[in-house]
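Geometric and topological summary
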Amino acid sequence: DDGYRLVDTNSTNGTFVGDLRIKEVFLKPGTAFRVGHTELRFQPTQDVVEIALSQRDRFDSVIGSSVKMREIFATLEKVAPSDLTVMLTGETGTGKELVARSIHNMSPRRNKPFVVLDCGAIPRELIESTLFGHEKGAFTGAVGQHKGCFEQAQTGTIFLDEIGELDIGLQPKLLRVLENRELKRVGGAETIKIDVRVLAATNRD
């Protein structure tokens, strides 16, 4: 309500307005300031996207009548019928999986599989096989072919819970699946096309 606040969070090179090094200041449109050796000019944009509140006090299994919840419902009502990938953020216990299930239930894929994978609960050495599947003999203990979560969710929705816990080495392979909608099982040569909607959640940035 007081305006636009610029805060220097203990930067090495400092933030300056004119010749004064500042810790915190409220900016006016057109104010110039310097961050290290970089000159910046502050100008707020006039582009504001307003979404009307939902008229309902529930979205499938999610219930709430507060203004904040009706804002969320209005967004979910627009997103659910599409095939958009959705990232849900919030603290543990705030109902992210319930919202994900509700998005699936209100989508055209509602009668198709809904597969949940807790990325933080799978051992590092098994996560690739769990996600993408494996062929017989791909590694010790692979006594048969296994379809991963993406294939199990074919034509439906996959929910990657706590995606922030996913091993960093697997992220390029996951990106390839998200971009190209195709995968290879561990130990396999065949490229498998997938038709899956992706929902994900994390309790951290």
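Structural data are supplied above this passage.
For the structure given in this document, a descriptive report is provided here. (Residues numbered from 1 in each chain as written. Predicted model: local features only at pLDDT ≥ 70, side-chain atom pairs only at ≥ 80, totals over all residues. Heavy atoms only, no water.)

Consider a sheet: its strands pair through backbone hydrogen bonds, and that pairing is either parallel or antiparallel. Read across the open sheet, the four strands follow the order β9-β14-β11-β10; overall the sheet is parallel. Across the chains shown, the open sheet's two edge strands, defined by having one partner strand only, are β9 (86–89) and β10 (114–118). Here the average twist between neighbouring strands, direction ignored, is 15 degrees. Here strand β11 (residues 157–161) runs beside strand β14 (residues 197–202); their pairing, made up of four bridges, is parallel. Of the residues in β14, the one forming a bridge with L160 is A200. Across the sheet, helix α2 (residues 96–105) lies against β9, β10, β11 and β14, angled at about 155 degrees from β9, the strand it touches most. (Pairing = 2+ DSSP bridges. Helix = DSSP H or I, 4+ residues; strand = E, 2+ residues; numbered from the N terminus. Axes fitted to C-alpha atoms, helices over the stretch in contact; angles between N-to-C directions. Contact = heavy atoms within 4.5 Å.)

Right, let's get into the pairing of strand β6 (residues 38–41). Bridge analysis of strand β5 (residues 32–35) against β6 gives four bridges, and the strand direction is antiparallel. Among the inter-strand pairings, V35 is bridged to a residue of β6, identified as T38. Connecting β5 to the next strand, β6, in antiparallel fashion are two residues, including G36 with a positive phi near 65 degrees.

According to the stated counting rule, one finds 12 salt bridges in the structure shown. Of the charged contacts, one joins D167 and R124 as a salt bridge, the two residues approaching to 3.2 Å between their closest N and O atoms. Highlighted residues: D167 in the loop between β11 and α5 (171–180) and R124 in the loop between β10 and α3 (127–132), separated in sequence by 43 residues. Classification of R124 by relative accessible area gives exposed; the value is 62%. Measuring nitrogen to oxygen at the nearest pair gives 3.0 Å for the salt bridge that ties E135 to R185. One end of the pair, E135, is in the loop between α3 and α4 (149–152); the other, R185, is in the loop between β12 (182–183) and β13 (192–193), with 50 residues separating them in the sequence. When its relative accessible area of 9% is taken as the criterion, R185 is described as buried. Shared partners join several salt bridges into a network, and the residues in it are D83, R109 and D195. (Salt bridge = Lys/Arg side-chain N within 4 Å of Asp/Glu carboxyl O. Buried < 20%, exposed > 50% of the residue type's maximum accessible area, 1.4 Å probe, protein only.)

Tracing the sequence through the fold places H146 in the loop between α3 and α4. C-alpha separation for the pair H146 and G133, spaced 13 residues apart in sequence, amounts to 5.1 Å. Among residues more than four places away in sequence, those in contact with H146 are S129, G133, H134, Q152 and R185.

Glancing now at the environment of N203. If you trace the backbone, N203 turns up in the segment after β14. Residue N203 is classed as partly exposed on the basis of its relative accessible area, which comes to 34%. With 89 residues separating them along the chain, N203 and F114 place their C-alpha atoms 21 Å apart. In this structure N203 touches G90, E91, T92, K96 and E162, once residues within four positions along its chain are discounted. Within polar-contact distance, the side chain of N203 engages the side chain of T92 at 3.0 Å. (Polar contact = N/O pair within 3.5 Å; in protein donor to acceptor, adjacent residues only side chain to side chain.)

This part is about unusual backbone geometry. Phi is positive for N10, close to 60 degrees, though the residue is something other than glycine. Following the sequence through the fold, N10 ends up in the loop between β1 (4–7) and β2 (15–17). For N10, a relative accessible area of 67% gives the class exposed. Within the chain, D60 stands out as a residue other than glycine whose phi angle is a positive 55 degrees.

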